[in-house]
Amino acid sequence: MLCAAHAQVTVLKAGKLIDVDAGTVLTDQVIVIRGDKITDVGKGLPIPAGANVIDLMKMTVLPGLIDCHTHVADGKNDGEPFNQLRKTASQVVLESVPNARRMLESGFTTVRDVGVYRALNDIALRDAINRGDIIGPRMFVAGAYVTITGGAGAFTGQAPDVQLTWDFHYGEANSPWEVRAVVRKLAHAGVDHIKVLSSGAVLTHGSDPNSQEFTLEELQAAVDEASHFGLRVESHAHSAAGIKNALRAGVASIEHATLIDDEGIALAKQRGIYLDMDIYDEECIQESGRLGNTPKDFLEHDAELGAAQRENFRKAVKAGVKMAFGTDAGVCPYGTSGKQFAFMVKYGMTPMQAIQSATSNAADLLGKSKLLGAVKSGRYADLVAVEGDPLADISLLENVRFVMKDGKVYKH
Ligand SMILES: [Zn+2]
């Protein structure tokens, strides 16, 4: 074990540093890093002898970005789920290796990966990154989709007599007790959180995003059972009813929240539940539709949802609902999540709020505020930097110039 006193000391000199907790910008900051943690931050701090000094005086430093809704472990996502059947699970996870690197090099030092077609592939990827075998973000993974049969998280569209391998339907559950059984299996497999789906989906064959999936009772079973293992639950939900059921069941976040109504917004605010609204990826769904790569039924599901989601995002921000940054990475190419920041500002956030959604808020949603999400003593040394002032031009976050994770530099 490397103890802090003997660990490699690195010092970052930051011209500007965004304090996401205070919502302010500090200047001329010295950030002292020992091993994988930040041990001191301040103006005019002495530079420890023998420290490796990195000069970022011309840059703005901020905490490593966190994307709370990714599918990094799904391999090459080309729009058609059936293509998953052309590959083994090993091929898919190996295809995911460059996805992980792209996420990290674009400034996302942490991701919450919220489901895979091939169950537990995400655990393999997470563990390989943690061992240092491959390069990628710190991953928090779901292991599988907890879904009703034929639901948003199911593999659908094949003939009823086609038998899929176990990993394509690992998370299927059709009663409160089946939900509990699946949560127990996933907890035992080592997941970091549980992903349920409480409405239909856009990118699933035979699904209707306006529908409701799971009963309130089943969702409550998921939240209660997950809590026994210290796990939080996020719920995919497009429809107003699916969103409200999940809110009432006490999930930690609603994913997409596309058709959230006023009652849903009030409930989310009152209960302090995060919304994780992927308002950029509509651009990619439509673009890939124009190129003929998105299946026609997916484009039909998607019609009008994109615009509604953006207006509801604006309403939720205005109402003061807690917002976390999630892009559904995989729908848009891995490594382009930063493009969502400009859309969040376009639809009502201040640049500081957009940055907080991907740092302090995201860390809070993960239950990791003491370790992630701010440049403070005791946190992991996950830091990024951009040239210029992202509070004046939020699109600078699409072009992160410096990336450090765990005290190690991955891009400079
Ligand atoms: Zn997703």
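Residues numbered from 1 in each chain as written. Predicted model: local features only at pLDDT ≥ 70, side-chain atom pairs only at ≥ 80, totals over all residues. Heavy atoms only, no water.

Asker: What is the right way to look at the overall build of the protein chain in this model?
Answerer: Regarding its fold elements, the protein chain presents twelve helices and 16 strands. Whereas a compact globule of 412 residues would reach a radius of gyration of roughly 22 Å, the protein chain reaches 21 Å, a difference of no more than 12%. Judged by the C-alpha coordinates and their principal axes, the protein chain covers about 70 × 45 × 45 Å. Looking at the protein chain as a whole, 57% of its 412 residues qualify as buried. In the protein chain, the proportion of contacts linking residues at least 24 apart, taken out of those at least 6 apart, comes to 71%. For the protein chain, the accessible area works out to roughly 16,300 Å², and carbon and sulfur atoms hold 51% of it. On the protein chain, the mean spot of the 42 positive side-chain charges and the mean spot of the 51 negative ones are 6 Å from each other. (Helix = DSSP H or I, 4+ residues; strand = E, 2+ residues; numbered from the N terminus. Rg over C-alpha atoms; globule rule 2.2 N^0.38 Å. Buried < 20%, exposed > 50% of the residue type's maximum accessible area, 1.4 Å probe, protein only. Contact = heavy atoms within 4.5 Å. Areas by Shrake-Rupley, 256 points an atom, 1.4 Å probe, with all protein chains shown as cover. Lys, Arg positive; Asp, Glu negative; His and termini not counted. Charge placed at Lys NZ, Arg CZ, Asp CG, Glu CD.)

Asker: Help me out: how do you make sense of the coordination of the zinc ion in this one?
Answerer: Put simply, the ideal angle at a metal is 109.5 degrees for four donors in tetrahedral geometry and 90 or 180 degrees for six donors in octahedral geometry. For the zinc ion, the protein coordination sphere consists of H69 (NE2), H71 (NE2) and D328 (OD), at 2.1 to 2.2 Å. Considered as a linear motif, the donors of the zinc ion on their single chain read H-x1-H-x256-D. The exposure classification of H69 matches that of H71, with both residues buried. (Donors = N, O, S within 2.8 Å, 3.2 Å for Na, K, Ca; no water.)

Asker: How do you make sense of the pairing of strand β14 (residues 383–387) when you look at a structure like this?
Answerer: Each regular strand carries side chains that alternate between the two faces of the sheet. The buried count for β14 comes to four of five residues, which makes it a mostly enclosed element. Relative to β14, strand β4 (residues 52–63) is paired through five bridges, and the arrangement is antiparallel. Of the residues in β14, the one forming a bridge with M59 is E387. (Pairing = 2+ DSSP bridges.)

Asker: In this structure, what is going on with the pattern of salt bridges? I would like to understand it.
Answerer: Pairing between side chains becomes possible if they bear opposite charge and their charged atoms approach one another. A complete count under the given rule lists 25 salt bridges for this structure. Its salt-bridge partner being D167, residue R118 comes within 2.7 Å of it at the nearest N-O pair. Linking R118 in the loop between β6 (108–113) and α2 (121–131) with D167 in the loop between β8 (145–146) and α3 (176–189), this pair joins segments that are 49 residues apart in sequence. Each of the two residues, R118 as well as D167, counts as buried. Measuring nitrogen to oxygen at the nearest pair gives 2.8 Å for the salt bridge that ties R131 to D133. (Salt bridge = Lys/Arg side-chain N within 4 Å of Asp/Glu carboxyl O.)

Asker: What is the right way to read the sheet that holds strand β15 (residues 402–405) from this model?
Answerer: By definition, the strands of a sheet pair up through backbone hydrogen bonds, in either a parallel or an antiparallel sense. Across the sheet, which stays open at both edges, the seven strands sit in the order β3-β2-β1-β4-β14-β15-β16 with mixed pairing between neighbours. In this open sheet, the two strands that pair with only one neighbour each are β3 (37–43) and β16 (408–411). Put simply, the sheet's adjacent strands are angled 35° from each other on average, direction ignored. Of the pairings in the sheet, the one linking strand β2 (residues 24–34) to β3 comprises six bridges and is antiparallel in character. Within β3, the residue paired with V32 across the bridge is D40. (Axes fitted to C-alpha atoms, helices over the stretch in contact; angles between N-to-C directions.)

Asker: Honestly, the state of the cysteines in this entry has me stumped. Any pointers?
Answerer: Each disulfide consists of a covalent bond between the sulfur atoms of two cysteine residues. Going through the model one piece at a time under the given rule, you end up with one disulfide. A disulfide bridge connects C284 with C332, and the sulfur atoms are separated by 2.0 Å. Disulfide C284 to C332: torsion about the S-S bond roughly 100°, handedness right-handed. With C284 in helix α7 (residues 282–290) and C332 in the loop between β13 (323–324) and α10 (340–346), this pair connects stretches of sequence that are 48 residues apart. Of the residues examined, C284 reaches a relative accessible area of 15% and is grouped as buried. We classify C332 as buried; its relative accessible area is 7%. Of all cysteine sulfurs, the one in C332 lies closest to C68, which takes part in no disulfide; the gap is 17 Å. By relative accessible area, which is 0% here, C68 ends up buried. (Disulfide = S-S within 2.5 Å.)

Asker: Before we go on, may I ask you to explain the sheet that holds β6 in this structure?
Answerer: Spatially, the three strands line up as an open sheet ordered β5-β6-β7, and their pairing is parallel. Each edge of the sheet is formed by a strand with only one pairing partner; in this case those strands are β5 (65–70) and β7 (138–141). Here the strands of the sheet are splayed against their neighbours by 15° on average, with no regard to which way each runs. Packing against the sheet, helix α1 (residues 89–105) makes contact with β5 and β6, and its axis sits at approximately 130° to β6.

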